[in-house]
Amino acid sequence: MRDITSETIFFDQLEKNLPPVFSREEAARQMGGLIRAKTLSNLDATGEGPRVKIRIRKKVCYERRSFLQWLKQHVRQ
């Protein structure tokens, strides 16, 4: 039987709720304010943010799988 932790539940729910591509603002909303869009912007500026991103006009968007991988690494530090 698989041990389900609160971390597993958190990531499963995020994966279910996040669209394939989403903005920094959506990431902040989906995470319940645990990380702000501005914080993601600052991390991107220093090369510490999620690896896969795309700019659509003035919005920076993330790819779901890459964002979740980045977040899992960040949580475990």
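Since the model is a prediction, treat every value here as computed from it, not as a measurement. (Residues numbered from 1 in each chain as written. Predicted model: local features only at pLDDT ≥ 70, side-chain atom pairs only at ≥ 80, totals over all residues. Heavy atoms only, no water.)

## So, the environment of E7
For the record, the criterion: For the purposes of this entry, the term helix denotes a DSSP run of H or I that reaches at least four residues, the term strand denotes a run of E that reaches at least two, and both are numbered from the N terminus. Partly exposed residues are those whose accessible area sits between 20% and 50% of the maximum for their type, while under 20% is buried and over 50% is exposed, using a 1.4 Å probe and protein chains only.
If you trace the backbone, E7 turns up in helix α1 (residues 6–17). Given the relative accessible area of 30%, E7 is considered partly exposed. Separated by 15 residues in sequence, E7 and F22 have C-alpha atoms that sit 21 Å apart.

## Overview of the packing of aromatic side chains
The following threshold applies: Stacked, tilted and edge-to-face are the three classes applied to pairs of Phe, Tyr and Trp rings, where Trp contributes its six-membered ring and a pair requires centres within 6.5 Å; stacked means planes under 30 degrees apart, edge-to-face means over 60, and tilted covers the rest.
Counted by the stated rule, this structure contains 5 aromatic pairs. Ring geometry for F67 versus W70: centroids 5.7 Å apart, planes at 40°, classification tilted. With F67 and W70 both in helix α4 (residues 64–75) and 3 residues apart, the pair spans about one turn of that helix. Accessibility expressed as a relative area gives 0% for F67, which makes it buried.

## Overview of the pattern of salt bridges
What counts here: Every case where a carboxyl oxygen of Asp or Glu lies within 4 Å of a side-chain nitrogen of Lys or Arg is listed as a salt bridge.
By the definition in use, this model includes 4 salt bridges. For K59, the salt bridge goes to E25, with nearest N and O atoms at 3.5 Å. Of the two residues, K59 sits in strand β3 (residues 59–63) while E25 sits in helix α2 (residues 24–30), which places them 34 residues apart along the sequence. Overall, K59 belongs to the partly exposed group, its relative accessible area being 42%. When salt bridges that share partners are traced, they join R24, D44 and K53 into one network.

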